[in-house]
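# Remarks on the overall topology
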Amino acid sequence: MSVFKRLSQVFQQKANAALDKVEDPTQALDLSYTKMMENLQQVRRSIADVLTSQKRLEAQRAQLNSQFEKLQGQARQALQQGQEDLAKTALERARVVKSQVDALNPQIDQLRTQEQALEDTGRKLQAKIEVFRTQRETMKAQYTAAKASSEAVENLSGLSEHMTDVNLMLDRAQEKITQYQARSSAVGELADSGVLDSLAIGGGNDDIERQLRSATSSTGVDLELEAMKAELGLTAAPAPVAQLPTMPTPTPIAPPIAAPTPHTTAPLGEVLTIRIAGESVYQVPITIKPQLDALDTAMETAISHSDEKGFANCARQLNNLIVSSGALLADETMAVSDLVVPSGDMTIDEAKKLFDM
């Protein structure tokens, strides 16, 4: 597996572990309840908006009906006065008003239907929220009880972090007690044997005097041994010891690092999303994929040979290639990374520790 893919998997594993650690079911239930309440409020606002539009159209229709009745009365009055043309004009205007009233009627009916549907949706959502509220409280109580029971069992069995620290402290205290007991016993035995008695300077038990006598005795024995060898003719000159030439230690040769070649602009859509570890995210053209693969192989070789300079050189070339050929994405962009690559200042020791190599 390449360095980039392994680094991407490491980041995903650490992110999942961090999310699992901070996730709280009770908070998730509260958030879901809040979202449902917000949806219910939105439905109620929509009902109010639809009802407002309906009332406004009904008021407009009532005004048009009043105008229609007025024009009808004016037409009758004009006919009574013998003004037929004026009556005709009034009737034409009344017909236009009537057509407007007829156009408003289906709109009002449609708004009334929408209002009824929203009210039904609101009632169903309200009932669902009531059920969820009861379930939420029950689940929160179950979670709290299960968590407390788990912590109690862990404390009782010594598996909790607090009890683990206590057990470690007890183990260290017992180890020190055993160590001091053994030391006390050893010092007692030395005191009983007289080894720890103070020595008089120049006395018969003086350690310096004992060493001098031992050296004198050893010298006398050596002289007698040499005299006996000479008497028996066994004395021979010591043979010279040949020294083997020392060979220089070979030094590892760092593998050649492939230099990046010029790239061309990729067509629309052919891009890779690459995250530089601990830094930013870039989109680069897919045409630099061969250069990325070459640097990936060179970095893997440098890690396996502990070539710190070669690894650092590859990391710098890799970052320069991505920055120079790619487009920097905004920090708030939630883009899924195709690859995660080491940063330019990552050391080979950090890379080995990250990959457990």
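Since the model is a prediction, treat every value here as computed from it, not as a measurement.

## As for the environment of Gln42
With respect to the element layout, Gln42 can be found in helix H2 (residues 25-80). Residues Gln42 and Gly122, spaced 80 residues apart in sequence, show a C-alpha to C-alpha distance of 9.4 Å.

## Focus: helix H7 (residues 308-325)
The end-to-end C-alpha distance of H7, which contains 18 residues, comes to 26 Å, matching closely the 26 Å that a straight helix rising 1.5 Å per residue would cover. Within H7, burial applies to Gly310, Phe311, Cys314, Ala315, Gln317, Leu318, Asn319, Leu321, Ile322 and Ser325.

## What to know about the sheet that holds strand E2 (residues 281-285)
In space, the four strands of this open sheet follow the order E3-E2-E1-E4, with mixed pairing throughout. The open sheet has two edge strands with one neighbour each: strand E3 (327-328) and strand E4 (339-341). Pairing between E2 and E3: two bridges, direction antiparallel. The partner of Tyr282 across the bridge, within E3, is Leu328. Against the sheet, H7 touches strand E1 (271-276), E2 and E4, its axis set at about 80 degrees to E2.

## So, the packing of H2 against helix H3 (residues 84-157)
As a packed pair, H2 and H3 sit with axes 6 Å apart at the nearest point and diverge in direction by 165 degrees. Classified by the interaxial angle, the pair formed by H2 and H3 is roughly antiparallel. Note on packing geometry: the crossing formed by H2 with H3 is left-handed. A class-by-class count of the residues in the contact of H2 with H3 yields 33 nonpolar, 17 polar and 14 charged.

## Concerning the packing of aromatic side chains
Counted according to the given criterion, the structure contains zero aromatic pairs. Taking the ring centre of Phe68 as reference, the NZ or CZ of Lys98 above it sits at 5.9 Å.

## A word on the side chain of Asp296
Examined against the element boundaries, Asp296 turns out to sit in helix H6 (residues 289-304). Despite its burial, Asp296 remains without a salt bridge, the nearest opposite charge being carried by Lys289 at 7.4 Å. Contact partners of Asp296, with chain neighbours within four places excluded, come to Ser2, Val3 and Phe4.

Rules and cut-offs
- Residues numbered from 1 in each chain as written.
- Predicted model: local features only at pLDDT ≥ 70, side-chain atom pairs only at ≥ 80, totals over all residues.
- Heavy atoms only, no water.
- Helix = DSSP H or I, 4+ residues; strand = E, 2+ residues; numbered from the N terminus.
- Expected span 1.5 Å × (residues − 1).
- Buried < 20%, exposed > 50% of the residue type's maximum accessible area, 1.4 Å probe, protein only.
- Pairing = 2+ DSSP bridges.
- Contact = heavy atoms within 4.5 Å.
- Axes fitted to C-alpha atoms, helices over the stretch in contact; angles between N-to-C directions.
- Parallel < 35°, antiparallel > 145°, perpendicular 65-115°, else oblique.
- Left-handed = near helix turned anticlockwise from the far one by under 90°.
- Nonpolar A, V, L, I, M, F, W, Y, C, P; charged D, E, K, R; others polar.
- Phe/Tyr/Trp six-rings, centres within 6.5 Å; stacked < 30°, edge-to-face > 60°.
- Lys NZ or Arg CZ within 6 Å of the ring centre and 35° of its normal.
- Lys, Arg positive; Asp, Glu negative; His and termini not counted.
- Salt bridge = Lys/Arg side-chain N within 4 Å of Asp/Glu carboxyl O.

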